[in-house]
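Chain and residue survey
Residues per chain, in single letters:
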Amino acid sequence: MTNHWNPPVATWLDPETGNLLDHPKLMQEASQSDVLLLGETHDRYDIHRWQLHVCAAMRAYRNDIAVGFEMFPRRVQPVLDDWVAGKLDQDAFLETVEWSKVWGFAPELYLPIFHFCREFAVPMLALNCYRELVTRVGKEGWDAIPVDERDGLTPSAGATSAYRQYLFDITGGGSPSRKVQSADAPEFDRFVRAQQTWDRAFACNIANAQKTENPPLVVGIIGRGHLEYGHGTPFQLQDLGIDKVTTLLPSDEPQPINQDIIGIARAIFRLQPDQS
């Protein structure tokens, strides 16, 4: 039987040691990063509330923060700017940003964070590329995409074997019904290329914000599969020369005491048990 760390609700767990971390000290530490990545499960209201609370903590420590969102492609950046500037009401914002097309999850999941950015004049950043690019890179490969159709992205750093195995495991592993039976199988390349296109898009657009004269702390609202264990976006950020990156994750479950959890994130916040 696997042993577990079972920290109390509303505490932070250090996955390296199993120790609890002090919230104010951890928030102060995170505020000194160049990039703070907050992993999510897209349809969980409680996780988005947790993200909002961490964003508010960062704003308490720093005036210069920006919040980047996986769900927005770069082409809608002007709409995000207009929303933060108060030029659009909520309905007009959701319509103009094409919410149902670019994301599709209930907007109520994210609206508290959007309103936080507007009320505190925190810039919102569109981190994604256009969806067709992901499909094309997966199918054709990066080199087949003309430069003027790459949405400002640079080629992703090659996937490590550890990342391929991680993606293979979270997408079903070697179940008997699965056509691809190995993380190293060439048939898995298409999925890996597509995933890396998203990883690189988030990293490139975060890096663009870091290239400004007075770079802000960029808080990334991104699916946890792009962040765990330093794979995905953190790996691509490192390739782009950004290494002061902190990843925080939420969980409503005990955490296993074994090597599998080491390196998953800087800290894991224990949520109330999921009531959905």
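Below, the structure is looked at part by part.

1. Notes on helix H8 (residues 161–170)
Given 3.6 residues to a turn, an α-helix orients residues that are three or four positions apart in the same direction. If you check which residues of H8 are buried, you get Tyr-163, Arg-164, Tyr-166, Leu-167 and Phe-168. Against helix H9 (189–210) and helix H10 (232–239) lie the buried residues of H8. After H8 finishes, the residue Gly-172 shows a positive phi value of roughly 120 degrees.

2. Notes on the state of the cysteines
For the structure on display, the rule yields 0 disulfides. A disulfide-free cysteine, Cys-55 has its sulfur positioned 6.5 Å from the sulfur of Cys-117, the nearest such atom. Left unpaired, Cys-204 is separated from the closest cysteine sulfur, that of Cys-129, by 9.6 Å. Exposure remark for Cys-204: the relative accessible area of 6% places this residue in the buried category.

3. Looking at the pairing of strand E7 (residues 217–223)
Within E7, 7 of the 7 residues are buried, leaving the element largely enclosed by the surrounding structure. Across 6 bridges, the pairing between strand E4 (residues 35–40) and E7 is parallel. Along E7, the bridge assignment pairs Leu-37 with Gly-220. Across 5 bridges, strand E5 (residues 65–73) lies against E7 in parallel orientation. The residue of E7 that forms the bridge with Phe-69 is Ile-221.

4. Some thoughts on the side chain of Arg-164
Along the chain, Arg-164 falls in helix H8. Overall, the relative accessible area of 13% leaves Arg-164 in the buried class. Within polar-contact distance, the side chain of Arg-164 engages the backbone oxygen of Ala-185 at 3.3 Å.

What counts and how
- Residues numbered from 1 in each chain as written.
- Predicted model: local features only at pLDDT ≥ 70, side-chain atom pairs only at ≥ 80, totals over all residues.
- Heavy atoms only, no water.
- Buried < 20%, exposed > 50% of the residue type's maximum accessible area, 1.4 Å probe, protein only.
- Helix = DSSP H or I, 4+ residues; strand = E, 2+ residues; numbered from the N terminus.
- Contact = heavy atoms within 4.5 Å.
- Disulfide = S-S within 2.5 Å.
- Pairing = 2+ DSSP bridges.
- Polar contact = N/O pair within 3.5 Å; in protein donor to acceptor, adjacent residues only side chain to side chain.

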